[in-house]
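This is what each chain is made of:
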Amino acid sequence: MGRVSGKVALVTGSASGIGRAAALALAQEGATIAALDRSSNIAITVARIQEIGGHAFAIQADLRTEAACAEAVATTVHEYGRLDILVNAAGIFPRYALNETDQAVLDLLFGVNFNGPLFLCKHTIPIMQQQGGGSIINVGSIHGLCGGRELIAYAASKGALLNLTRTLARSYARDHIRVNYLIPGWVLTEGELAIQAQEGHDEAWLRTQGERLPTGRIQLPEDAADAIVFLASDESSQVNASILNTDGGRSFFTIL
Ligand SMILES: NC(=O)c1ccc[n+]([C@@H]2O[C@H](COP(=O)([O-])OP(=O)(O)OC[C@H]3O[C@@H](n4cnc5c(N)ncnc54)[C@H](O)[C@@H]3O)[C@@H](O)[C@H]2O)c1
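> Outline the overall build of the chain, supporting the account with residue identities and numerical values.
When helices and strands are counted, the chain shows 10 helices and seven strands. In terms of C-alpha radius of gyration, the chain reaches 17 Å, essentially the compact-globule figure of 18 Å for 256 residues. Counting only C-alpha atoms and orienting by the principal axes, one finds that the chain spans roughly 45 × 40 × 35 Å. By residue count, 45% of the 256 residues in the chain fall in the buried class.

Below you can see the structure in the form of structure tokens.
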């Protein structure tokens, strides 16, 4: 028996990085996966899950509209009959300074990092209520708490996501729906590599930077995925409205 056996999980951003690692880890622990991403690489994740004997299907969609989110939830329930776990891992993190932040930038960052998760929660929660419970994991960022240089819109969208997490956790605790916020640290993913490449940095540079972090290495997608499995499973039945930080202690040491 896996730690999430019998559960159905909708995982966004699962064509890459943290979302992909979460989908694989949840499948390894027995969950059936609805793998959502705008990228066609989502088919690769589904194939990998099937290779390890798991069950998964792909939903290729851009989650920025409510209609796409509603359809993703409806498709999952139609396909698998239930929905127990929602992982909001899709996200984008381009840098824009204050003078570069206009309406289009705000629409883009909030569309992916906040509106999509909100609409997915909106359409998932009534199903979880009918089923008697569920677990929602919102993948946030330390910048959602502390802000970040040239990250005006990103930090604000992740701050809004934290606020949404706590509001929903408070609203639906009696329905046994838990909502938690994961801070993944600094994670070696395709998305992070693409951002760093714009600054002329490669994977070797990232790994060297990681050696200066408290635990001596940069975080890997699997570090976040392990925490996501914990938050998704009944092992965390009393963990709600929480921030779970997997940055190896970096933000705590920096604050102190
Ligand atoms: N990598 C890090 O260091 C780091 C640190 C803190 C927080 N995070 C957060 O973790 C999450 C995952 O980041 P990652 O590093 O794995 O990124 P990634 O770029 O490797 O993966 C993100 C995935 O989201 C998908 N996506 C983006 N926009 C979408 C949309 N509109 N509709 C559907 N899918 C969409 C992409 O196609 C991609 O597959 C993000 O929310 C990010 O903000 C990452």
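> With reference to specific residues and values, describe the site of the ligand.
Taken together, 28 residues form the shell around the ligand, and within it Gly-13, Ser-16, Gly-17, Gly-91 and Gly-191 come nearest. When residues of the shell around the ligand are traced back to their parent elements, those giving at least two are helix H1 (17–28) and helix H7 (190–198). Grouping the constituent residues of the shell around the ligand by class yields 12 nonpolar, 10 polar and six charged.

> Run through the sheet that holds strand S6 (residues 177–183), naming residues and quoting values.
Strand order in the open sheet formed by seven strands is S3-S2-S1-S4-S5-S6-S7, with parallel pairing between adjacent strands. The sheet is open, and its two borders are formed by strand S3 (56–60) and strand S7 (243–245), each paired with just one other strand. Each neighbouring strand pair of the sheet contributes to a mean axis angle of 20°, computed without reference to strand direction. Bridge analysis of strand S4 (residues 85–88) against strand S5 (residues 134–139) gives four bridges, and the strand direction is parallel. Paired with Ile-85 across the strands is Ser-135, a residue of S5. Against the sheet, helix H6 (residues 152–172) engages S5 and S6, with an angle of about 160° to S6.

> Lay out the pairing of S6 in plain terms, naming residues and giving numbers.
Burial runs high along S6: seven of the seven residues are buried. Burial of the side chains of S6 extends over both faces: Ile-177, Val-179, Tyr-181 and Ile-183 are buried on one face and Arg-178, Asn-180 and Leu-182 on the other. Taken together, the six bridges between S5 and S6 define a ladder with parallel strand orientation. Bridge pairing links Ser-135 to Arg-178 in S6. Of the pairings in the sheet, the one linking S6 to S7 comprises three bridges and is parallel in character. The partner of Tyr-181 across the bridge, within S7, is Ile-243.

> I'd like a rundown of the packing of H1 against helix H2 (residues 42–51), residues and numbers included.
Angle between the axes and distance between the axes are the two parameters that describe a pair of packed helices. Interaxial distance between H1 and H2 falls to 10 Å at its minimum, and their mutual angle equals 20°. Here H1 lies roughly parallel to H2, going by the angle between them. Of the two elements, H1 crosses H2, and the hand of that crossing is right-handed. Residues Arg-20, Ala-23, Leu-24 and Ala-27 of H1 lie in contact with H2, whose contacting residues are Thr-45, Arg-48 and Ile-49. The residue makeup of the contact of H1 with H2, split by class, is four nonpolar, one polar and two charged.

> Could you give me a rundown of the nonpolar core, with the residues and numbers involved?
Membership of the largest hydrophobic core comes to 73 residues, with the highest contact counts inside it found for Ala-9, Val-11, Ala-22, Leu-26, Ile-33, Ala-35 and Ile-228. Ranked by residue count, the leading element in this core is H6, at 10 residues. With residues near it in sequence (within four places) discarded, Ala-9 still touches Leu-26, Ala-31, Ile-33, Asp-84, Ile-85, Val-87 and Ala-232.

> Account for the environment of Gln-130, naming residues and giving values.
For Gln-130, the location among the structural elements is in helix H4 (residues 103–131). Considering only alpha carbons, one finds Gln-130 and Asp-175, 45 residues apart in sequence, at a separation of 8.9 Å.

> Please set out the environment of Ala-232 residue by residue, giving values where relevant.
When you line up the elements, Ala-232 lands in helix H9 (residues 221–232). Ala-232 gets classed as buried once you count the C-beta atoms within 10 Å, which come to 29. If sequence neighbours within four positions are ignored, Ala-232 has contacts with Val-4, Ala-9, Leu-26, Ile-85, Ser-135 and Ile-137.

> Quick one: what's the story with unusual backbone geometry, residue by residue and with numbers?
Across residues other than glycine, the phi torsion is negative in most instances, and most of the peptide bonds are trans. A positive phi angle is found at Glu-150, which is not glycine, with a value near 60°. In this fold, Glu-150 is placed in the loop between helix H5 (143–146) and H6. Judged by local crowding, Glu-150 falls into the partly exposed class, with 14 C-beta atoms found within 10 Å. Backbone geometry places His-176, a non-glycine residue, at a positive phi of 65°. Secondary-structure assignment places His-176 in the loop between H6 and S6.

Procedures and definitions
The numbers attached to residues start from 1 for each chain and follow its sequence in the written order. Per-residue local features of the predicted model are confined to residues with pLDDT of at least 70, and side-chain atom pairs are confined, for both listing and counting, to 80 or more; whole-chain, interface and lining totals are unaffected and use all residues. Strands are runs of DSSP state E lasting at least 2 residues, helices are runs of H or I lasting at least 4, and numbering of each runs from the N terminus. Only the C-alpha atoms count toward the radius of gyration. The rule for a globule is 2.2 Å times the residue count to the power 0.38. Exposure classes come from backbone-placed C-beta atoms, where a residue is buried if 20 or more other C-beta atoms lie within 10 Å of its own, exposed if 12 or fewer do, and partly exposed in between. Here, nearness means that the C-beta atom of a residue, built from backbone geometry, sits within 6 Å of the molecule or strand in question. Charged residues are taken to be Asp, Glu, Lys and Arg, nonpolar residues to be Ala, Val, Leu, Ile, Met, Phe, Trp, Tyr, Cys and Pro, and polar residues to be all remaining types, Gly included. What makes two strands pair is DSSP finding at least two bridges between them. Structural elements are reduced to axes, namely lines fitted to C-alpha atoms, with helices fitted over the stretch in contact, and the angle between N-to-C directions of any two is expressed from 0 to 180 degrees. By the criterion used throughout, residues are in contact when their C-beta atoms, derived from the backbone, lie within 7 Å. Here the word oblique covers every angle except those under 35 degrees (roughly parallel), over 145 (roughly antiparallel) and from 65 to 115 (roughly perpendicular). Each helix crossing is assigned a hand: it is left-handed if the near helix lies turned anticlockwise from the far helix by less than a right angle, otherwise right-handed if that turn is clockwise. Note on definitions: a nonpolar core is a set of buried residues drawn from Ala, Val, Leu, Ile, Met, Phe, Trp, Tyr and Cys, linked by C-beta atoms within 7 Å.

Remember, this is a structural readout, not a statement about activity or role.
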